[in-house]
There are 2 protein chains.
Amino acid sequence: MMPRKYAIGVDFGTESGRAVLVDLSNGQEVAEHVTPYPHGVIDESLPGSAIRLEQDWALQHPGDYLEVLRISVPEVLKQSGVNPGDVIGLGIDFTACTMLPVDARGVPLCMQAEWRDNPHAWVKLWKHHAAQDEANRINRIAAERGETFLPRYGGKISSEWMIAKIWQILNEAPEVYEHADLFLEATDWVIAQLTGNLDVRNSCTAGYKAIWHKREGYPDQDFFAALDPRLAHLTSTKLRGQVVPPGTKAGGLKPEMAVLLDLVPGTAVAVGNVDAHAAVPGVGVVTPGKMVMAMGTSICHMLLGTEEKAVEGMCGVVEDGIIPGYFGYEAGQSAVGDIFGWFVEQAVPAYVKEAAEREGIGVHQWLERRAAAYAPGETGLLALDWWNGNRSVLVDTDLTGLMIGYTLQTKPEEVYRALVEATAFGTRKIVEAFHHNGVPVEELYACGGLPQRNRLLMQIYADVTNREIKVAASRQTPALGAAMFGAVAAGSQAGGYDSIVEAARVMGRVREESFKPNPANVAIYDQLYAEYNRLHDEFGRGGNDVMKRLKALKESVVCRES
Amino acid sequence: MMPRKYAIGVDFGTESGRAVLVDLSNGQEVAEHVTPYPHGVIDESLPGSAIRLEQDWALQHPGDYLEVLRISVPEVLKQSGVNPGDVIGLGIDFTACTMLPVDARGVPLCMQAEWRDNPHAWVKLWKHHAAQDEANRINRIAAERGETFLPRYGGKISSEWMIAKIWQILNEAPEVYEHADLFLEATDWVIAQLTGNLDVRNSCTAGYKAIWHKREGYPDQDFFAALDPRLAHLTSTKLRGQVVPPGTKAGGLKPEMAVLLDLVPGTAVAVGNVDAHAAVPGVGVVTPGKMVMAMGTSICHMLLGTEEKAVEGMCGVVEDGIIPGYFGYEAGQSAVGDIFGWFVEQAVPAYVKEAAEREGIGVHQWLERRAAAYAPGETGLLALDWWNGNRSVLVDTDLTGLMIGYTLQTKPEEVYRALVEATAFGTRKIVEAFHHNGVPVEELYACGGLPQRNRLLMQIYADVTNREIKVAASRQTPALGAAMFGAVAAGSQAGGYDSIVEAARVMGRVREESFKPNPANVAIYDQLYAEYNRLHDEFGRGGNDVMKRLKALKESVVCRES
């Protein structure tokens with residue numbers, strides 16, 4: 001009998017990194033370990049410095065990523081007792097676009113004495129929002145030029161993405177821009193640290209965050225020159241590198257890193273990846289028709305297709321972006337769990353908190369239990385889930401939340417249920433945008449924190465979308481997916497897999513129990529969704545732009561005061 | 001020097017009655033005393049009986065009103081040390097329509113052994129809501145017949161009013177209907193007890209609650225016959241009596257009642273009155289152009305005019321209904337303080353409650369203080385104040401509350417401020433309905449609980465309506481007004497007044513400080529009111545009837561379950 005083989009997946013989140021050691025024969029997570037980033041999210045001042053950051057800034061320290069590797073990888077080996085020689089592959093996933101400038105050797109500028117006091121030398125975290133001006137100009141110029149890439153991104157390039165962030169550096173710190181040999185996604189930078197290969201880029205971040213296209217490449221020089229003549233040669237210089245699909249082997253583990261990680265030198269390392277996207281094979285999805293929802297503070301919706309279609313308000317479509325050989329579609333809702341969190345923090349009365357304490361459960365759970373006693377339609381409430389704007393399908397950050405149907409008898413659990421339903425309607429809107437535009441959605445797969453702890457929410461999503469929902473068996477689906485890509489990088493000769501499809505068949509796992517739509521509920525939710533849709537279009541498509549006017553008035557009042 | 005003269009006003013509320021002894025030379029309240037009704041609101045079972053009441057029923061015990069007189073009147077005399085001979089007049093005000101069936105001697109049927117077990121023999125309190133079917137049929141038939149009285153009541157006769165309540169008795173207890181010699185407003189019944197005069201009715205309740213008109217009288221026989229042939233002669237039999245304006249002397253205090261009340265026999269007693277309406281002279285308002293707002297759980301808006309105009313959604317217009325010689329207009333908002341109460345109870349988080357406790361203030365006050373720090377428009381929130389439907393101007397109980405503009409940063413004090421603003425917009429809607437339809441509104445006068453304790457609210461109302469608001473000096477304005485009418489019933493010969501106008505000039509009182517509109521705020525609220533109006537018409541006038549559809553769906557779901 002062959003000895004069991006293993007792979008390690010490392011998930012780099014916003015506050016911490018997590019290593020998971022996975023059994024390649026069944027996808028079981030044998031051990032896991034979390035390392036919080038020593039510097040966390042840097043949003044006030046630079047480490048060890050009095051240099052203050054402006055509002056909307058969010059940086060990280062690249063050394064923190066190495067700390068995760070140094071601590072958590074040996075730890076999972078130790079916990080599991082697995083022989084390092086049986087760990088045949090390593091994969092990672094990351095937040096994105098999380099990017100940094102490096103020199104010709106791949107050393108981050110912020111780790112060099114002469115640059116460390118310049119905020120632009122540091123890692124810009126995905127939620128660094130200070131490049132909005134640049135994003136606005138990118139969108140205006142691209143629209144004016146009729147750039148064909150715009151529809152691939154739902155009509156808008158985000159301020160969170162690579163080009164806007166690079167342009168902000170050029171505008172505000174041209175010396176950093178000039179000195180940078182490369183701008184890298186952090187996920188690609190970590191892979192370079194592990195393998196010494198600085199030339200390889202993963203197609204997921206290149207496609208979703210840097211406007212790369214498998215056949216067309218990056219937007220052409222003229223476009224970049226139209227933004228700023230100094231950017232004309234950006235993609236052939238500071239964004240150069242070979243873009244390859246997930247699962248591609250970036251290289252073997254460097255000897256010095258092998259020592260650090262207690263692994264065997266030469267262990268196969270896959271190219272970088274993005275957290276939500278790595279979760280797709282993690283739940284076993286490697287074919288079209290199955291939408292994967294990474295559900296937490298927000299929802300990221302991922303779907304495979306066989307053709308490139310224009311779908312309203314999607315975040316992006318990238319060939320080879322998720323699973324090689326398919327067009328990977330991404331859409332999203334900008335706030336889901338965040339809305340429930342706001343509600344519990346700011347709108348749940350003391351008596352609920354006290355009752356939950358008496359019952360020995362959390363407030364969320366108390367609300368879920370009480371809300372579950374209501375039938376669809378019974379609260380008389382309906383909401384638009386725009387507490388943080390609307391990502392898909394309207395792509396409008398100026399929209400705000402709405403609740404309709406309050407009475408003097410309205411209870412907190414009813415409002416909670418209406419909020420859950422509203423986010424489900426938001427997901428249905430996305431499902432239908434794909435399904436009715438040539439990218440079929442037959443089933444839903446859920447991973448992330450919410451499905452683990454909220455059965456009512458899952459049933460409501462099944463009823464509202466009229467689709468069965470399967471739930472990830474793993475609690476660490478992105479890390480599992482990363483490990484699977486590590487096993488693919490290793491290949492079957494080494495005891496891994498030759499494709500992510502094979503890996504997913506064996507290792508991708510959902511729970512036995514799924515959430516199936518209840519036909520009686522589906523019928524009532526069809527009625528409520530029609531009402532949601534009418535309000536959605538009235539307030540979201542220009543029928544009544546009161547939300548934007550209220551927001552503009554608020555901003556003008558706040559400005560006048562300050 | 002003449003000795004000072006006094007009058008007593010007795011305010012009969014929902015849960016208790018309150019006597020106030022007033023100095024006629026200046027309107028000062030010398031003493032006051034409250035007596036809770038021994039039987040309170042009877043809404044579960046009849047007193048001393050196993051007979052259960054249906055939902056929506058609300059009864060009272062007429063003996064409780066006599067208890068108030070027996071206890072509180074002697075008490076204010078005792079407290080004040082005033083000589084009973086110097087109390088020259090007595091007036092009362094009451095909730096309405098609060099009605100009861102009596103026999104030919106004026107004895108309530110419920111106080112007779114053979115009828116006491118019949119719920120329909122008891123006093124139906126104003127908020128008895130079980131006659132909705134009858135009200136619906138009254139409105140349908142009146143509309144079909146083109147009855148001219150309908151526009152005087154904003155197009156709708158309420159289930160709370162006299163004719164619907166009488167018809168319910170006829171439908172459900174024809175034996176009670178037959179045996180009743182008269183149906184009386186409780187306010188008229190109490191006056192009959194005090195004076196022995198069973199033949200006099202006050203024009204306020206007759207006009208606002210029983211469809212009486214100074215020149216046209218009650219609707220004609222044909223209309224009542226169209227409702228039910230047995231009702232054809234209702235107004236000439238069981239509603240018979242002479243209708244006279246407030247301030248008319250109903251008679252002198254009966255000797256046996258004088259003994260009970262420690263007053264002098266023959267003391268002038270004014271005809272009955274309604275609480276909110278009695279408050280109008282209580283704040284000194286006896287001429288057109290000044291809208292009086294009785295502000296508490298709801299708002300009742302009262303205004304005088306010189307002509308009978310049709311105003312959308314008013315509750316009623318009655319000649320001599322408030323001040324003799326004028327058309328008294330009434331409108332209302334069905335929930336105001338009730339919305340803030342709901343909010344504090346159901347939607348204010350524990351941390352606010354804890355902070356208020358630490359600061360040693362109430363939650364309402366905490367919210368008011370924090371909300372006062374915001375400028376108009378700064379919350380980005382806007383509400384429709386329909387938590388209990390909309391009384392004026394839409395007259396629609398199926399409308400519900402709406403809040404727009406929520407973000408993940410929205411704070412409870414911001415929502416609170418938006419709720420206050422929404423009720424102010426509701427009042428502006430009413431002000432404008434009158435002002436633009438020939439019944440001018442130049443100033444506002446506020447009485448009741450809210451103006452006493454919420455300065456922010458008063459300032460917002462001034463800013464939103466762009467009108468100065470004067471606030472009642474008295475905390476017991478209806479009782480003060482009742483005492484003033486008592487002094488008018490006594491007349492100047494006895495040391496009282498010959499008209500309510502004279503009485504109000506001397507006795508009606510507002511505070512020195514008033515709330516004046518701030519022009520900068522007025523300008524912003526004009527913008528917000530335009531947004532309110534647009535939502536008001538969209539959701540209230542058929543643009544999008546989603547509120548009604550949600551309510552109908554809710555009712556169908558609840559029915560299916562039960």
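1. Remarks on the relation of the copies chain B and chain A
With an RMSD of 0.1 Å, chain B superimposes on chain A once it is rotated by 180° and translated 0.1 Å along the axis. Taken together, these values place the two copies in the relation of a two-fold axis. Both copies contact each other with a shared surface, as 100% of the interface residues of chain B are interface residues in chain A too.

2. Digging into the pattern of salt bridges
Tallied over the full model, the rule gives 58 salt bridges over all chains. For B:Glu147, the salt bridge identified is with B:Arg145, shortest N-O distance 2.7 Å. Residues B:Asp396 and B:Lys548 are paired through a salt bridge, measuring 2.2 Å at the closest nitrogen-oxygen approach. Placement of B:Asp396 in the loop between strand 17 (382–384) and strand 18 (401–406) and of B:Lys548 in helix 19 (residues 546–561) is noted, with a sequence separation of 152 residues between them. You can call B:Asp396 buried: its relative accessible area is 12%. Via salt bridges that share partners, A:Lys214, A:Arg215, A:Glu319 and A:Asp320 belong to a single interconnected network.

3. Points about helix 18 (residues 519–540) of chain A
Since one α-helical turn is 3.6 residues long, residues separated by three or four positions face the same way. Residues and elements named next belong to chain A. Counted at 1.5 Å a residue, the expected span for helix 18 with its 22 residues is 32 Å, and the 29 Å between its end C-alpha atoms agrees. A distance of 2.9 Å separates the backbone nitrogen of Ala-520 from a side-chain oxygen at the start of helix 18, and that oxygen is part of Asn-518. Gly-542, located one to two residues past helix 18, shows a positive phi value of around 95°.

4. A look at the sheet that holds strand 14 (residues 299–305) of chain B
All names here are of chain B. Overall, mixed pairing links the seven strands, which are arranged 15-16-14-13-19-20-21 in an open sheet. The outermost strands of the open sheet, each flanked by one partner alone, are strand 15 (316–319) and strand 21 (510–515). Across this sheet, the average inter-strand angle for adjacent strands is 25°, counted without regard to direction. As paired strands, strand 14 and strand 16 (residues 327–333) are joined by seven bridges and run antiparallel to one another. Its bridge partner lying in strand 16, Cys-300 is registered against Gly-332. Here helix 9 (residues 275–282) sits on the sheet and contacts strand 13 (289–295), strand 14, strand 16 and strand 19 (441–447); the angle it forms with strand 14, its principal contact strand, is near 55°. Sheet contacts for helix 15 (residues 455–465): strand 13, strand 14, strand 19, strand 20 (469–472) and strand 21; angle to strand 21, the most-contacted strand, approximately 60°.

5. Some remarks on the sheet that holds strand 14 (residues 299–305) of chain A
Residues and elements named next belong to chain A. Read from one edge of the open sheet, seven strands run 15-16-14-13-19-20-21, paired in mixed fashion. Edge positions in the sheet fall to strand 15 (316–319) and strand 21 (510–515), since each of these pairs with one other strand and no more. Between one strand axis and the next, the sheet turns through 25° on average, direction left out of account. Relative to strand 16 (residues 327–333), strand 15 runs antiparallel, the two sharing four bridges. In the sheet register, Glu-319 faces strand 16, and the bridge partner there is Phe-327. Set on the sheet, helix 9 (residues 275–282) makes contact with strand 13 (289–295), strand 14, strand 16 and strand 19 (441–447); between it and strand 14 the angle comes to about 55°. Against the sheet, helix 13 (residues 412–435) engages strand 13, strand 14, strand 16 and strand 19, with an angle of about 155° to strand 16.

6. A word on the side chain of A:Glu413
All names here are of chain A. With respect to the element layout, Glu-413 can be found in helix 13. Buried and unpaired, Glu-413 has no salt bridge, with Arg-370 as the nearest side chain of opposite charge at 5.2 Å. The residues touching Glu-413, leaving out its near neighbours within four places in the chain, are Trp-366, Leu-367, Arg-370, Ala-371 and Tyr-374.

Cut-offs applied
Residues numbered from 1 in each chain as written. Chains lettered and ligands numbered in written order. Predicted model: local features only at pLDDT ≥ 70, side-chain atom pairs only at ≥ 80, totals over all residues. Heavy atoms only, no water. Least-squares fit on C-alpha atoms with pLDDT ≥ 70 in both. Contact = heavy atoms within 4.5 Å. Salt bridge = Lys/Arg side-chain N within 4 Å of Asp/Glu carboxyl O. Helix = DSSP H or I, 4+ residues; strand = E, 2+ residues; numbered from the N terminus. Buried < 20%, exposed > 50% of the residue type's maximum accessible area, 1.4 Å probe, protein only. Expected span 1.5 Å × (residues − 1). Polar contact = N/O pair within 3.5 Å; in protein donor to acceptor, adjacent residues only side chain to side chain. Pairing = 2+ DSSP bridges. Axes fitted to C-alpha atoms, helices over the stretch in contact; angles between N-to-C directions. Lys, Arg positive; Asp, Glu negative; His and termini not counted.

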